[in-house]
Structures are given as C-alpha cells and as structure tokens.
Amino acid sequence: MSLFRASLTAQRVLRALRPLHRHPHTRTSHANASPAKRYTTAHEWILYDDQTSIGTTGITDYAQSSLGDVVFVELPAPGAELVAGEALGAVESVKAASDIYSPVSGTVEEVNEQLSDEPGLLNKSPEELGWLCRIKMSNPAEIDSLLSEEAYKAHCESEEH
C-alpha cells in the first residue's frame, strides 16, 4: 500500500471514530449527508438541520472583517416572526452600524444570549460561537435559493474587484 493510500485510509478511520458530541449548531445526521450551510449576498450564513427544520444563522467572517470590532449586537426576541430578506437585528462596530438580514422565513426559537455580554464573539468566531439565532423555518425550500460556499466565495471575490 502506498503512503498516500495509507494516509487516506487513516483519515477515513479517524472520521469514523469522531465523538458523537458536536458543536451545538452542527448537524448530526447520516454519514453521507453534508450539512446544508448556505449564504446570502448580504453576508449572512445559515446552517440548516433538515431533521428539525431549524436553521442556525449568523454573519460571515467576511462581514465581521468589514465591520471591524463589534461593540453591540441587537437580536430578535424568541418567538419573533422573520421574513427572508428583512432585518432580524443589527450590529454596531467601531466603524459602522449595519442591519442583519434573515436568510429565511420562520420563527425565532433561540437567540445567542452570550452576545449581549460578549459582542466581540462576532469577530472572534463569527461562524461558530458568534451565531445569532436559531430559526424554525416556515418554508424549508427557501434554503435552496441561497448561495453554496463556492458561490459565496465567488460573490466575495467579485465585491473585492
């Protein structure tokens, strides 16, 4: 067996041995299914769990780097009804204030209360610990209209030129 093939085999074994405990907004589903993480052109992301119809959303790393140091985050209240493309909250930084738009329609199930005390989590970990809220989607098909990771990267590159 070649060293390359042995390395691939070892990677597969390690993946199979990963612990079942995962990050709170990471999907745990079938081994062949990949998480449905999608993006908007306004620099929000959503990680959709098709088992529960709940999407965890936040701002992208691109957005936080454009904003600079975040000093305040306004989040929706649990139970609030959101409409895709409409404001769900706002973020203030040392550079600017900006609305945050909901990538999907639905009801807010939970908000990241930690952001009240630590708004800088949006800078430190925008796509993990800095998540904004969890939305019970009213129309799960909306996820299909959002950008894939590759399409989002291309969008960001086009904005830089």
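- If you look the chain up in an unreviewed UniProt entry, it shows as Glycine cleavage system H protein from Calocera cornea HHB12733.
- The record in UniProt for the chain states the following under Sequence similarities (unreviewed entry): "Belongs to the GcvH family."
- Its UniProt record gives the chain the following Subcellular location (unreviewed entry) comment, quoted word for word: "Mitochondrion".

1. Thoughts on the side chain of Ser102
Part 1 of the argument: Checked against the element boundaries, Ser102 lands in the loop between strand 7 (97-101) and strand 8 (106-111).
Part 2 of the argument: The class of Ser102 is buried, set by a relative accessible area of 3%.
Part 3 of the argument: Within the local environment of Ser102, its side chain forms a polar contact with the backbone oxygen of Val104, the two atoms lying 2.5 Å apart.
Part 4 of the argument: Those residues in contact with Ser102 that sit more than four places away from it in its chain are Leu82, Val83, Ala84, Gly85, Glu86, Leu88 and Ile135.

2. Quick look at the sheet that holds strand 2 (residues 44-49)
Part 1 of the argument: Strand order in the open sheet formed by 6 strands is 1-2-3-9-8-5, with antiparallel pairing between adjacent strands. Unpaired on one side and paired on the other, strand 1 (36-39) and strand 5 (81-82) mark the two borders of the sheet.
Part 2 of the argument: Pairing of strand 5 with strand 8, which is carried by 2 bridges, proceeds in the antiparallel orientation. Considered in strand 8, the bridge of Leu82 is made with Gly106.

3. Here we look at the sheet that holds strand 7
Strand-to-strand pairing in sheets goes through backbone hydrogen bonds, with the strands running parallel or antiparallel.
Part 1 of the argument: Taken in spatial order, the 3 strands of this open sheet run 4-6-7, and their pairing is antiparallel. Both edges of this open sheet fall to strand 4 (70-74) and strand 7, since each of them pairs with a single strand only. The sheet shows a mean angle of 25° between the axes of neighbouring strands, direction not considered.
Part 2 of the argument: Bridging between strand 6 (residues 87-93) and strand 7 involves 5 bridges; their strand directions are antiparallel. The residue bridging Ala87 from the neighbouring strand is Tyr101, located in strand 7.

4. Some thoughts on the UniProt feature "modified residue: N6-lipoyllysine" (unreviewed entry) in the chain
Part 1 of the argument: Using the residue numbers shown here, the UniProt feature "modified residue: N6-lipoyllysine" (unreviewed entry) corresponds to Lys95.
Part 2 of the argument: Within the secondary structure, Lys95 is located in the loop between strand 6 and strand 7.
Part 3 of the argument: Relative accessible area serves as the criterion here: at 59%, Lys95 is assigned to the exposed category.
Part 4 of the argument: In contact with Lys95, other than residues within four places in its own chain, are Ser65, Ser66, Leu67 and Gly68.

Rules behind the numbers
- Within any chain, residue numbers begin from 1 and follow the written order of that chain's sequence.
- This being a predicted model, a pLDDT of at least 70 is required before a residue's local features are given, and a value of 80 or more before pairs of side-chain atoms are given or counted; all residues contribute to the totals for chains, interfaces and linings.
- Side-chain figures throughout are based on the complete set of non-hydrogen atoms in the structure, without hydrogens or water.
- UniProt positions are given in the numbering used here, feature names are shortened, and annotations may be inferred rather than shown by experiment.
- Think of it this way: any DSSP run of H or I at least four residues long counts as a helix, any run of E at least two long counts as a strand, and we number them from the N terminus.
- Residue burial is assigned from relative accessible area. The probe radius is 1.4 Å, only protein chains are included, and a residue is buried under 20% of its type maximum, exposed over 50%, and partly exposed in between.
- What qualifies as a polar contact is a pair of N or O atoms within 3.5 Å, subject to a donor-acceptor requirement within protein and to the restriction that residues adjacent in sequence count only when both atoms come from side chains.
- Whether two residues are in contact is decided by their heavy atoms: any pair within 4.5 Å suffices.
- Note on pairing: DSSP must find at least two bridges between two strands before they are called paired.
- Helix axes use the C-alpha atoms of the stretch in contact, all axes being lines fitted to C-alpha atoms, and the angles between their N-to-C directions lie in the range 0 to 180 degrees.

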